[in-house]
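Examination of the molecular architecture
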Amino acid sequence: MTTWLAPAKVNLTLMVGSAAAGGLHPIQSLMQTLDWGDLLRVDEGDEDHLEVEGADLPAGDDNLVWKAVAALKEGIDLALPPLHVHLEKRIPVAAGLGGGSADAAAMLAALGRMLNLSPAVLRRVAPHIGSDVPAAFAGGSLWVEGFGERLSPFGVLSGFALAVAVPDFPLLTADVYRRWDDLGEPRGSEFPSAALPPALRRSVSFRNDLQPAALRVRPELGDAISLLSKEWGRPVAMSGSGPSLFGYFVDDEEAEAAARQVESRFAAAVGVDLSCDGPTEMTG
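Computed from a predicted structure; not experimentally measured. (Residues numbered from 1 in each chain as written. Predicted model: local features only at pLDDT ≥ 70, side-chain atom pairs only at ≥ 80, totals over all residues. Heavy atoms only, no water.)

With respect to the overall build of the protein chain
Along its length, the protein chain carries 8 helices and 11 strands. Taking 19 Å as the expected radius of gyration for a compact globule of 284 residues, we find that the protein chain reaches 18 Å, a close match to that expectation. Taken along the three principal axes of its C-alpha coordinates, the protein chain extends 55 × 45 × 35 Å. Going through the 284 residues of the protein chain one by one, you find that 50% of them count as buried. Of all intrachain contacts in the protein chain linking residues separated by at least 6 positions in sequence, the fraction that spans at least 24 positions is 75%. Carbon together with sulfur atoms contributes 48% to the accessible area of the protein chain, which is approximately 12,700 Å² in total. Across the protein chain, the centroid of the 22 positively charged side chains sits 7 Å from that of the 38 negatively charged ones. (Helix = DSSP H or I, 4+ residues; strand = E, 2+ residues; numbered from the N terminus. Rg over C-alpha atoms; globule rule 2.2 N^0.38 Å. Buried < 20%, exposed > 50% of the residue type's maximum accessible area, 1.4 Å probe, protein only. Contact = heavy atoms within 4.5 Å. Areas by Shrake-Rupley, 256 points an atom, 1.4 Å probe, with all protein chains shown as cover. Lys, Arg positive; Asp, Glu negative; His and termini not counted. Charge placed at Lys NZ, Arg CZ, Asp CG, Glu CD.)

Next comes the structure, spelled out in structure tokens:
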């Protein structure tokens, strides 16, 4: 049995373009994996079985874990034994933290180890599972373009940590993008440059174009932003299609203290370091 950490991600910036013919929106985003995530345990079994702990998620073919298996089978000619998979969800669902994509990427990594497949093979399969899966598999600080398939290293970011707070309501990505289209593709507000860590004070625009739409879908998100800004004494940003919010702190100790300060008013609140890795094997 192997256990894999499937790291959450945040979008430090997210710029969105008009929908293409297939309905997908091209993006430009600085994605960063975190030292916090789900745990995925994989072993051979008598039949395929997925057990999910910590969230009410489908355990059948609709789960991205099995979509990763199906994509790998389709991508290369191989035979897989029946698999018993235990998924411990720590990343909140529909929160803009890439939990499902992280789980799929961890499943790819686990199968790669089980079948002795090269990372190059797994990277070719990743885009066929979901748009965030290539970045989740690669991990670290990545500039992501297109529909999630074009990745460029951004350099190793350091010198700060993040406090992440998740409101007690979900936001479905499709709903937010639909509202963004309906609103005329608004541009998000620029994050104040002076509030960014020195490592991020570059020419890149730091904003989230989906935030205006997320606020329309869930107006109470505005209350959560105001609460955190007041409690933390600094601006906060939204990750992905929301509703997860985060703030920049000097180190993990300060970030953890900030998370504890608000944890009673949010579904989840954590202080986390940045991670340079994608899925990581925890035990043999």
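Structure shown, so let's carry the discussion forward.
Some words on a negative patch on the surface
Where like charges cluster on the molecular surface, the negative patch consists of Asp35, Asp251, Glu253, Glu254, Glu256, Asp273 and Asp277. Examining the composition of the negative patch, we find that 3 residues originate from one element, helix α8 (residues 252-262), more than from any other. Take Asp277: it is sitting in the loop between β10 (268-272) and β11 (280-283). (Patch = residues over 30% accessible without salt bridge, like charges linked within 9 Å, V, L, I, M, F, W, Y side chains within 5 Å. Salt bridge = Lys/Arg side-chain N within 4 Å of Asp/Glu carboxyl O.)

A closer look at the environment of Ala68
Here Ala68 lies in helix α1 (residues 64-75). A relative accessible area of 0% places Ala68 in the buried class. Taking C-alpha positions, Ala68 is 13 Å from Val121, a pair spaced 53 residues apart along the chain. Those residues in contact with Ala68 that lie beyond four places of it in its chain are Ala104, Met107, Leu108 and Ile129.

A closer look at the packing of aromatic side chains
For the structure shown, the criterion picks out 5 aromatic pairs. Their ring planes at 70° and their centres at 5.6 Å tell us that Phe160 and Tyr248 sit as a pair that is edge-to-face. In this pair, Phe160 is assigned in the loop between β6 (150-153) and β7 (161-166) and Tyr248 in strand β9 (residues 245-249), connecting sequence segments 88 residues apart. Using a relative accessible area of 6% as the deciding quantity, one classes Tyr248 as buried. Between Phe191 and Tyr248, the ring centres sit 5.6 Å apart and the planes meet at 75°, which makes this aromatic pair edge-to-face. Residue Phe191 is located in the loop between α5 (173-182) and α6 (211-217), and its partner Tyr248 is located in strand β9; the two are separated by 57 residues in the primary sequence. Taking the relative accessible area as the measure of exposure, Phe191 reaches 13% and is therefore buried. Here a set of aromatic residues connected by ring pairs shows up, and it is made of Phe160, Phe191, Phe246 and Tyr248. (Phe/Tyr/Trp six-rings, centres within 6.5 Å; stacked < 30°, edge-to-face > 60°.)

Side note on the layout of surface pockets
A volume near 1,300 Å³ is recorded for the largest pocket. Along the walls of the largest pocket sit 47 residues, with Leu64, Ser101, Ser131, Asp132 and Thr173 positioned nearest its centre. Elements with a minimum of two residues in the lining of the largest pocket: β1 (2-16), β2 (27-44), α1, α2 (99-115), α4 (133-138) and α5. Of the residues forming the lining of the largest pocket, the biggest block, 5 residues, is contributed by α5. Here the residues of the lining of the largest pocket are counted per class, giving 22 nonpolar, 16 polar and 9 charged. Of the volumes computed, that of the second largest pocket is approximately 220 Å³. Looking at the second largest pocket, it is lined by 17 residues, and the ones nearest its centre are Ser189, Phe191, Gln211, Val236 and Ala237. Those elements that place two or more of their residues in the lining of the second largest pocket are β1, α6 and β8 (237-238). (1 Å grid on protein atoms, 1.4 Å probe; cavity = no way out; pocket = protein on both sides within 12 Å on 5 of 7 lines; lining within 4 Å. Points joined across faces, edges and corners; volume = space filled by probe spheres on them. Nonpolar A, V, L, I, M, F, W, Y, C, P; charged D, E, K, R; others polar.)

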